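# Fold and contact review
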Protein chains: 2
Amino acid sequence: MVPHLITALNGPINELEQRILESMPAIERWFRLEWMEHTPPFYSSVDIRNAGFKLAPVDTNLFPGGFNNLNPETLPLAVQAAMAAIEKICPEAKNLLLVPEAHTRNTFYLANIATLVRIFNQAGLNVRLGSLDPAITGPTQLALADGGSLTLEPLQRTRGRLGLKDFDPCTILLNDDLSAGIPAVLQNLHEQYLLPPLHAGWALRRKHQHFKAYEEVAKKFAKLMGMDPWLINPMFSHLDGLDFASGEGLDALQTQTDALLTKVRRKYKEYGINEKPFVIVKADTGSQGRCITTVRDAKDLETLGLKRGDQACRLPDGQPVNAVLIQEGVATYERVNEAVAEPVVYMMDRYVVGGFYRVHAERGVDENLNAPGSSYVPLAFAESTQLPRPGAKPGASAPNRFYMYGVIARLAMLAASYELEATDPDAEVYA
Amino acid sequence: MVPHLITALNGPINELEQRILESMPAIERWFRLEWMEHTPPFYSSVDIRNAGFKLAPVDTNLFPGGFNNLNPETLPLAVQAAMAAIEKICPEAKNLLLVPEAHTRNTFYLANIATLVRIFNQAGLNVRLGSLDPAITGPTQLALADGGSLTLEPLQRTRGRLGLKDFDPCTILLNDDLSAGIPAVLQNLHEQYLLPPLHAGWALRRKHQHFKAYEEVAKKFAKLMGMDPWLINPMFSHLDGLDFASGEGLDALQTQTDALLTKVRRKYKEYGINEKPFVIVKADTGSQGRCITTVRDAKDLETLGLKRGDQACRLPDGQPVNAVLIQEGVATYERVNEAVAEPVVYMMDRYVVGGFYRVHAERGVDENLNAPGSSYVPLAFAESTQLPRPGAKPGASAPNRFYMYGVIARLAMLAASYELEATDPDAEVYA
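What this report covers is the structure whose coordinates are included nearby. (Residues numbered from 1 in each chain as written. Chains lettered and ligands numbered in written order. Predicted model: local features only at pLDDT ≥ 70, side-chain atom pairs only at ≥ 80, totals over all residues. Heavy atoms only, no water.)

## Description of the pairing of strand β5 (residues 140-143) of chain B
Residues and elements named next belong to chain B. Note: β5 against strand β6 (residues 149-154), four bridges, orientation antiparallel. Following the sheet pairing, Ala143 is matched in β6 by Ser149. Between the antiparallel neighbours β5 and β6 lie five residues, among them Gly147 with a positive phi of about 100°. (Pairing = 2+ DSSP bridges. Helix = DSSP H or I, 4+ residues; strand = E, 2+ residues; numbered from the N terminus.)

Okay, here's the thing in structure tokens:
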């Protein structure tokens with residue numbers, strides 16, 4: 001199924017698309033050189049918004065949970081990327097321990113885990129599943145929607161290593177984003193590869209650090225392309241020490257929101273964009289799609305959802321939001337079957353391995369789509385990010401559009417690499 | 001288009017398929033360990049014959065010329081593999097010089113070159129074409145069947161480097177198999193990567209050395225799988241110093257052919273195979289599909305084509321055949337639309353990137369299909385070698401069959417790696 005795209009066919013994004021296609025070998029070489037200096041995250045997914053005049057990543061997930069939404073025909077790309085990744089990390093490995101989200105039992109998520117098992121199996125690893133859920137005390141079968149099943153097993157920790165009964169892995173692959181904190185069982189594992197590293201989890205990770213790194217990457221890339229980085233970079237600021245219950249910090253939030261709206265307004269004026277700017281205020285840490293508010297006027301903050309954060313909006317660890325990212329809103333003007341859609345690009349190691357549209361029939365172009373009611377439309381393989389068609393009219397070729405999405409998604413992945421280097425608690429500091 | 005396969009659904013190959021599928025992680029790990037010690041050829045293609053009771057590579061091409069026959073939907077796999085290959089060889093490279101066959105101007109071959117250009121372009125290299133044809137003295141456009149064109153340019157050689165006007169490549173990729181000899185312009189290039197190396201070309205390469213290496217690989221693999229290597233290994237012998245014109249060496253050829261037929265007969269008896277064994281006598285060097293004879297009785301050699309070799313069968317360099325490989329014949333019992341078919345698997349770096357069926361309506365199951373009149377049916381992506389379906393009935397699932405073909409093809413590729421190490425004229429010898 002090829003999604004029928006309705007996208008802004010004119011404006012700066014088409015120029016960008018053309019410039020990106022013309023520069024393809026230079027762009028790929030630039031990435032190659034970056035990857036000589038930086039290590040890509042093991043896997044990642046990036047939510048992209050295309051406003052026609054601007055194209056930007058709005059969320060970079062280092063524990064992607066939608067591999068089941070990829071077109072099955074693109075899985076060989078994931079297998080090949082997994083082979084390349086394993087070869088670098090642990091070429092002699094026989095066993096991979098995959099640790100799924102502790103408490104998610106919905107069949108969509110389980111299908112994601114089943115897909116990951118299949119990918120790593122075909123890449124040459126025995127894969128078993130270790131559960132962070134203390135209720136799992138013995139092998140436990142979970143039914144999949146397709147009639148198959150998965151077996152969760154209790155984790156077994158020795159002083160230095162983590163494994164399962166009769167199963168000693170070289171690498172432990174986490175698919176739990178640690179938004180509920182870092183379980184003791186995962187701490188101080190120095191003999192095995194734990195991927196992604198603990199500081200990639202939401203117990204420690206902060207969105208503003210990612211977007212700070214992304215800003216740096218976007219500036220470098222924009223220099224290569226001779227363009228304004230704003231075309232691919234959402235402006236942002238962030239705020240700590242908020243207390244929505246007592247109202248502490250709310251004034252500062254309004255001030256910063258106002259300042260960001262002013263900056264966006266100025267950019268819109270520069271580009272002659274006749275739209276009302278908006279910002280997204282969201283928890284600075286992982287919120288699994290919760291606590292995300294669209295703000296068009298700083299005064300609205302008083303009446304909007306976040307104001308009621310202490311009741312309605314709790315983070316996954318049960319805590320209220322006390323730090324936020326205030327991010328320039330980027331509308332998504334893509335539609336699949338008339339519903340608002342945003343592309344999500346999946347990567348493994350340095351490679352784009354697939355993608356899908358997240359579609360939400362009941363949400364607006366300026367709203368978060370990662371919410372109950374969303375559905376997923378896989379990108380068909382013919383629409384692969386790696387099959388651009390040079391020479392096609394800008395904006396008219398889905399493969400070219402997807403190639404551009406793959407480039408933007410890889411910029412965000414590179415930013416995650418910068419971010420994880422900057423936030424690595426074990427990094428050696430030469431001062 | 002998914003080829004409708006008619007294949008032997010019973011017998012040892014189905015057991016082998018089942019064993020290969022069950023051992024997938026172990027097999028992939030085994031390859032991973034082999035690639036830690038050995039360097040894969042830059043690209044390769046392997047012709048495979050499936051006789052139902054036996055499955056074997058019969059030809060390993062290190063200058064594959066049919067990338068245009070791959071399903072376009074599988075090209076992203078080739079792009080990804082090319083990225084991985086470049087990253088290892090010359091990560092900072094901007095330019096790739098591709099050297100096509102010197103004299104081939106047929107549009108199928110040009111489409112192969114156009115596909116390679118596209119793959120390396122998308123992998124991040126500026127690709128230009130340098131011609132070995134001395135008639136090319138300036139940029140020369142060649143029309144493609146799809147309306148596009150390719151530009152050939154004259155090679156420019158300085159003392160240490162090969163390039164084009166204003167084009168200095170890091171890597172030179174040869175797609176000419178050097179069966180007409182090694183042009184001076186390619187000799188003594190020590191500052192650039194010349195891939196494949198000169199000794200991979202038919203000016204120096206000998207088939208029996210490949211099959212000697214394949215025998216070694218097949219034995220190792222058979223040990224891993226606990227099976228008889230004969231199931232995947234075509235027996236062979238070879239003979240030098242033949243002169244078909246004077247008859248010199250013909251007695252020895254008959255004796256060796258007879259001995260090999262006896263060995264095959266013994267194996268058929270062991271496995272209860274009620275078929276008449278045959279051998280293939282072919283030039284020990286590259287013959288571009290020429291000088292290949294099917295022999296069921298050593299006495300037939302007197303009347304068969306090779307006997308007339310001095311008139312009818314000249315090698316691409318114009319020389320008569322004076323060395324032959326005598327190879328156990330493996331019939332191909334696959335059919336596409338009722339025509340005899342053999343699978344051809346394409347690889348880049350260590351990865352299977354696609355494949356097709358070579359189909360020849362006018363040839364028999366025991367004949368060479370690489371001959372005028374053959375056609376090509378690409379494997380659909382859903383039938384990818386990397387998407388096996390564990391649990392499907394052996395012999396009943398095309399993806400499982402193709403996964404097995406991908407394994408056998410990679411064994412042949414690994415053998416080519418062993419072969420090139422053993423025949424490397426620059427190898428350091430520790431004696």
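## What to know about the sheet that holds strand β6 (residues 140-143) of chain A
All names here are of chain A. Strands sit in the order β6-β7-β5-β4-β10-β11 across an open sheet of six strands; the sheet is mixed. Unpaired on one side and paired on the other, β6 and β11 (193-195) mark the two borders of the sheet. With direction set aside, neighbouring strand axes in the sheet form an average angle of 30°. (Axes fitted to C-alpha atoms, helices over the stretch in contact; angles between N-to-C directions.)

## Focus on the state of the cysteines
All names here are of chain A. One pass over the structure, following the stated rule, counts two disulfides over all chains. Note that Cys90 is cross-linked by a disulfide to Cys170, the S-S spacing being 1.4 Å. Disulfide Cys90-Cys170: torsion about the S-S bond near 60°, hence right-handed. Within this pair, whereas Cys90 is found in the loop between α3 (75-89) and β4 (95-99), its partner Cys170 is found in the loop between β9 (162-163) and β10 (171-174), the two being separated by 80 residues in sequence. (Disulfide = S-S within 2.5 Å.)

## Examining the relation of the copies chain B and chain A
With an RMSD of 0.0 Å, the fit of chain B onto chain A corresponds to turning through 180° and sliding 0.0 Å along the axis. As the rotation angle and translation indicate, the two copies are arranged about a two-fold axis. Rotation axis and chain B: the residue whose C-alpha lies nearest the axis is B:Leu77, separated from it by 3.0 Å. (Least-squares fit on C-alpha atoms with pLDDT ≥ 70 in both.)

## So, the layout of surface pockets
Over the atoms, a rolled probe matching the size of one water molecule traces out where space is still vacant. All names here are of chain A. Of the voids in this model, the second largest pocket is the one considered here, and its volume is about 1500 Å³. Along the walls of the second largest pocket sit 50 residues, with Gln288, Gly289, Arg358, Asn370 and Tyr376 positioned nearest its centre. Breaking the lining of the second largest pocket down by element, the ones donating at least two residues are β2 (43-50), β3 (55-61), α4 (107-122), β13 (279-283), β14 (292-295), β15 (324-328), β17 (339-348) and β18 (351-360). Split by residue class, the lining of the second largest pocket holds 16 nonpolar, 20 polar and 14 charged. (1 Å grid on protein atoms, 1.4 Å probe; cavity = no way out; pocket = protein on both sides within 12 Å on 5 of 7 lines; lining within 4 Å. Points joined across faces, edges and corners; volume = space filled by probe spheres on them. Nonpolar A, V, L, I, M, F, W, Y, C, P; charged D, E, K, R; others polar.)

## Some remarks on the packing of aromatic side chains
The description of an aromatic ring pair uses the distance of the two centres, along with the angle that the planes make with each other. Taken as a whole, this structure holds 28 aromatic pairs over all chains when the rule is applied. Here A:Phe402 and A:Tyr405 contribute two aromatic rings whose centre-to-centre distance is 6.0 Å and whose plane-to-plane angle is 45°, an arrangement assigned as tilted. Of the two residues, A:Phe402 and A:Tyr405 both sit in helix α8 (residues 398-423), three residues apart, roughly one turn of that helix. On the numbers, 5.7 Å between centres and 75° between planes, the contact of B:Phe42 with B:Tyr43 is edge-to-face. By way of ring pairs, the aromatic residues A:Phe42, A:Tyr43, A:Phe67, A:Phe120, A:Tyr346 and A:Phe356 are connected into one cluster. A cation over an aromatic ring shows up here: A:Lys207 above the ring of A:Trp202, its NZ or CZ 5.7 Å from the ring centre. (Phe/Tyr/Trp six-rings, centres within 6.5 Å; stacked < 30°, edge-to-face > 60°. Lys NZ or Arg CZ within 6 Å of the ring centre and 35° of its normal.)

## Describing the pattern of salt bridges
Residues and elements named next belong to chain B. Counting across every chain of the model gives 34 salt bridges over all chains. Here Lys267 makes a salt bridge to Asp228, at a shortest N to O gap of 2.8 Å. Pair noted here: Lys267 is in helix α6 (residues 250-270) and Asp228 is in the loop between α5 (207-225) and β11 (236-239), with a separation of 39 residues, a long-range link. Assigned by exposure class, Lys267 and Asp228 land together as buried. (Salt bridge = Lys/Arg side-chain N within 4 Å of Asp/Glu carboxyl O. Buried < 20%, exposed > 50% of the residue type's maximum accessible area, 1.4 Å probe, protein only.)

## Remarks on the environment of A:Ala200
Residues and elements named next belong to chain A. Relative to the elements of secondary structure, Ala200 occurs in the loop between β11 and α5 (207-225). Residues Ala200 and Thr423, spaced 223 residues apart in sequence, show a C-alpha to C-alpha distance of 8.7 Å. Those residues within four positions of Ala200 in sequence are excluded, and the remaining contacts are Leu62, Phe63, Arg205 and Leu420. (Contact = heavy atoms within 4.5 Å.)

## A few points about the environment of B:Glu153
Residue and element names in this part refer to chain B. Structurally, the position occupied by Glu153 is in strand β6. Each C-alpha atom, one on Glu153 and one on Ile136, is 6.7 Å from the other, the two residues being 17 residues apart in sequence. Not counting residues within four places of it along the chain, the set of residues in contact with Glu153 comprises Arg128, Leu129, Gly130, Ser131, Ile136, Pro139 and Leu164.

## Considering the packing of α3(A) against α4(A)
Residue and element names in this part refer to chain A. Direction vectors running N to C along α3 and α4 enclose 60°, while the axes themselves pass 8 Å from each other. Of the possible angle classes, the one that applies to α3 and α4 is oblique. Read as a crossing pair, α3 and α4 show a hand that is right-handed. Here Leu75, Ala78, Val79, Ala82, Met83 and Ile86 of α3 lie close against α4, whose contacting residues are Thr115, Arg118, Ile119, Phe120 and Gln122. Here the residues of the contact of α3 with α4 are counted per class, giving eight nonpolar, two polar and one charged. (Parallel < 35°, antiparallel > 145°, perpendicular 65-115°, else oblique. Left-handed = near helix turned anticlockwise from the far one by under 90°.)

## Thoughts on helix α4 (residues 107-122) of chain B
Residues and elements named next belong to chain B. Given a rise of 1.5 Å per residue, 16 residues ought to cover 22 Å, and the 22 Å separating the end C-alpha atoms of α4 matches this to within 8%. Here α4 has its buried residues at Tyr109, Leu110, Asn112, Ile113, Thr115, Leu116, Val117, Ile119, Phe120 and Gln122. Sitting at the head of α4, Asn106 places a side-chain oxygen 2.9 Å from the backbone nitrogen of Phe108. Taken from the residues just after α4, Gly124 is the one with a positive phi, measuring 105°. (Expected span 1.5 Å × (residues − 1). Polar contact = N/O pair within 3.5 Å; in protein donor to acceptor, adjacent residues only side chain to side chain.)

## Comments concerning the side chain of A:Asn69
Residues and elements named next belong to chain A. In this fold, Asn69 is placed in the loop between β3 and α3. Residue classification places Asn69 among the buried positions, given a relative accessible area of 16%. Ignoring anything within four residues of it in the chain, the contact list for Asn69 reads Phe356, Tyr376 and Pro378.

## Observations concerning the sheet that holds β14(A)
All names here are of chain A. Strand order across the open sheet formed by four strands is β12-β15-β13-β14, with antiparallel pairing between neighbours. Because the sheet does not close on itself, it has two edges, and the strands there are β12 (236-239) and β14. Along the sheet, successive strands turn relative to each other by an average axial angle of 20°, direction set aside. With five bridges joining them, β13 and β15 adopt antiparallel strand pairing. Its bridge partner being in β15, Lys282 is matched across the sheet by Leu325.

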